[in-house]
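Reading the structure
Listed here are the chains, written in short residue letters.
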Amino acid sequence: RMQWTHDGTAFYVAARSAADADLPLSKRSIYRVPALEGAPERVTGAAIFADQPFVLRGGFGYVEASAGGSEATKVMAVRAGKPELLFTEPEGEVTAPVVSPDAAWIAYVLRGAGPERLRLRSLTSETTKPRDLDPTTLRAHASEREVPGFAWTADASALLAAGAGRLLRIPIDGSAPT
């Protein structure tokens, strides 16, 4: 999975290269790949358990995959070449993270016990609790386990999700989806 930079000049991707040949197959590095010309640049330093790159203002982020399937997942940011912990998700695996255009929220799929959930988390307030979106809103059948594709609106006021056989607009303020 790759993520384009905001200006569209490059994208980030988790990959292995010849430089990673002596490392375990589960390790990847995050690369910034220019869209038109130029060589890919490894931007995470040494290869790590990294996956799911996403774009942040002033840098990028990635999910630090746990070794051996630990319950908690670390979500990291890299700004000015320095990694920092954005948050730890104690309830399971974080997948498909997407940061809102205003960089205030992150939406991601949470895989853990039970069906997958679409979770919202504030990136600007540590006191705002993460919120799961109602899974029945997103699924045509209660037996479905997977969260459908989703994206932010340009004004970051809602998520758009393809679910239950239709396109839904899910406001982040908690009001009813339309």
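See the structure printed just above.
Here's a quick rundown of the structure. These figures come from a predicted structure and were not determined experimentally. (Residues numbered from 1 in each chain as written. Predicted model: local features only at pLDDT ≥ 70, side-chain atom pairs only at ≥ 80, totals over all residues. Heavy atoms only, no water.)

**Description of the overall build of the chain**
Along the backbone of the chain there are one helix and 15 strands. Across the 178 residues that make up the chain, the buried fraction comes to 40%. If you take every contact in the chain between residues at least 6 apart in sequence, the share linking residues at least 24 apart comes to 29%. Accessible area for the chain stands at about 9500 Å²; split by element, carbon and sulfur atoms hold 54% of it. (Helix = DSSP H or I, 4+ residues; strand = E, 2+ residues; numbered from the N terminus. Buried < 20%, exposed > 50% of the residue type's maximum accessible area, 1.4 Å probe, protein only. Contact = heavy atoms within 4.5 Å. Areas by Shrake-Rupley, 256 points an atom, 1.4 Å probe, with all protein chains shown as cover.)

**A look at the environment of Asp-155**
As for its placement among the helices and strands, Asp-155 is situated in the loop between strand 13 (150–152) and strand 14 (158–163). On a C-alpha basis, the gap between Asp-155 and Pro-101 in space is 6.9 Å, while along the polypeptide they are 54 residues apart. At a separation of 2.7 Å, a polar atom in the side chain of Asp-155 contacts the side chain of Thr-153. At 2.8 Å, the side chain of Asp-155 and the side chain of Ser-157 are in polar contact. (Polar contact = N/O pair within 3.5 Å; in protein donor to acceptor, adjacent residues only side chain to side chain.)

**Some thoughts on the sheet that holds strand 2 (residues 10–15)**
If you trace the four strands from one edge of the open sheet to the other, you get 1-2-3-4, paired in antiparallel fashion. This sheet does not close on itself; its edge strands, each paired only once, are strand 1 (2–4) and strand 4 (41–42). (Pairing = 2+ DSSP bridges.)

**A word on the pattern of salt bridges**
Per the stated rule, a full pass over the model turns up four salt bridges. Glu-91 is the salt-bridge partner of Arg-117, the closest N and O atoms lying 3.3 Å from each other. With Arg-117 in strand 11 (residues 117–122) and Glu-91 in the loop between strand 8 (82–89) and strand 9 (93–99), the pair connects residues that are 26 residues apart, well separated along the chain. When its relative accessible area of 18% is taken as the criterion, Arg-117 is described as buried. Arg-119 is paired through a salt bridge with Glu-91; the nearest N and O atoms lie 3.4 Å apart. With Arg-119 in strand 11 and Glu-91 in the loop between strand 8 and strand 9, this pair connects stretches of sequence that are 28 residues apart. Judged by relative accessible area, which is 5%, Arg-119 ranks as buried. (Salt bridge = Lys/Arg side-chain N within 4 Å of Asp/Glu carboxyl O.)

**Observations concerning the sheet that holds strand 11**
Pairing is antiparallel across the open sheet formed by four strands, whose spatial order is 9-10-11-12. At either end of the open sheet lies a strand with only one pairing partner, and these are strand 9 and strand 12 (131–132). Pairing geometry for strand 10 (residues 105–111) and strand 11, over six bridges, is antiparallel. The partner of Ala-107 across the bridge, within strand 11, is Leu-120.

**So, the packing of aromatic side chains**
Overall, the coordinates contain two aromatic pairs when judged by the stated rule. Their ring planes at 65° and their centres at 5.3 Å tell us that Trp-4 and Phe-11 sit as a pair that is edge-to-face. Arranged with centres 5.7 Å apart and planes meeting at 25°, the rings of Phe-87 and Tyr-108 form a pair that is stacked. One end of the pair, Phe-87, is in strand 8; the other, Tyr-108, is in strand 10, with 21 residues separating them in the sequence. Here Phe-87 and Tyr-108 have matching classes, each one buried. (Phe/Tyr/Trp six-rings, centres within 6.5 Å; stacked < 30°, edge-to-face > 60°.)

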